[in-house]
Amino acid sequence: MTNEQLCQEALQAMKKAYAPYSGYKVGAALLLADGKVYTGCNIENSSFTPTICAERTAFFKAVSERKEESLPEFVRIAVCGGEGGKITGAFPPCGVCRQVMSEFCTDSFEILMITSADPVQYETCLLPDLLPFRFSPDYLENKG
Ligand code: THU
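What comes next concerns the included structure. Model, not experiment: these values are computed from the prediction. (Residues numbered from 1 in each chain as written. Predicted model: local features only at pLDDT ≥ 70, side-chain atom pairs only at ≥ 80, totals over all residues. Heavy atoms only, no water.)

Moving on, we come to the environment of Ile77. By the element assignment, Ile77 lies in strand β3 (residues 74-83). Apart from residues lying up to four places away in sequence, Ile77 is in contact with Leu6, Ala28, Ala29, Leu30, Glu55, Phe59, Met101, Phe109, Glu110, Ile111 and Leu112. (Helix = DSSP H or I, 4+ residues; strand = E, 2+ residues; numbered from the N terminus. Contact = heavy atoms within 4.5 Å.)

This is how it looks when you write it as structure tokens:
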């Protein structure tokens, strides 16, 4: 799975967004070490706070649908978003999604922020760039 293909998956996933309140459609495609890809979109709610972001949809699908008891190894995520699904630049992961990444990912986890759909272009960074001094399960004695 090339970075370009992962970005295409995120762009396709964005089309499934349910965003009648903000009008901003977001898509994500999460690559696992075994090659599997889980996609996600944002799903809004009339009560607003139950809204879930595209990135967390992808992570929660990957965790809830895993076959092994152990957690999968996460390699990278591609993310895109924009008003009405039009990409005009990067749509960076929110703080809550960064914290969810911190729960499941190592410092080498890569984030591809799509800046253009056609041609596909993206900026990359690593999790510690997005969330320095991050809180993770390492800080708890009972790591589950
Ligand atoms: N959104 C995401 O899906 N991911 C993010 O990381 C940032 C925000 C969604 C939530 C909401 O449906 C819309 O974008 C506008 O905030």
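For sheets, the rule is that strands pair by backbone hydrogen bonds, running either parallel or antiparallel. Spatially, 5 strands are ordered β2-β1-β3-β4-β5 in an open sheet, and the strand pairing comes out mixed. Sheet topology places β2 (37-41) and β5 (120-126) at the edges, where each strand pairs with a single neighbour. Shown here is a sheet whose adjacent strand axes are inclined to one another by a mean of 20 degrees, direction ignored. (Pairing = 2+ DSSP bridges. Axes fitted to C-alpha atoms, helices over the stretch in contact; angles between N-to-C directions.)

The next subject is the layout of surface pockets. Using a probe with the size of a water molecule, rolled over the atoms, empty space left in the structure can be pinpointed. Taken as a whole, the largest pocket holds about 190 Å³ of empty space. Lining the largest pocket are 16 residues, and of these Val26, Asn42, Thr51, Cys53 and Phe91 lie nearest its centre. Of the residues in the lining of the largest pocket, the class split is 10 nonpolar, 4 polar and 2 charged. In this structure, the second largest pocket spans a volume of roughly 160 Å³. In terms of lining, the second largest pocket is formed by 13 residues, of which the most central are Asp34, Lys36, Arg66, Glu68 and Pro72. A class-by-class count of the residues in the lining of the second largest pocket yields 6 nonpolar, 1 polar and 6 charged. (1 Å grid on protein atoms, 1.4 Å probe; cavity = no way out; pocket = protein on both sides within 12 Å on 5 of 7 lines; lining within 4 Å. Points joined across faces, edges and corners; volume = space filled by probe spheres on them. Nonpolar A, V, L, I, M, F, W, Y, C, P; charged D, E, K, R; others polar.)

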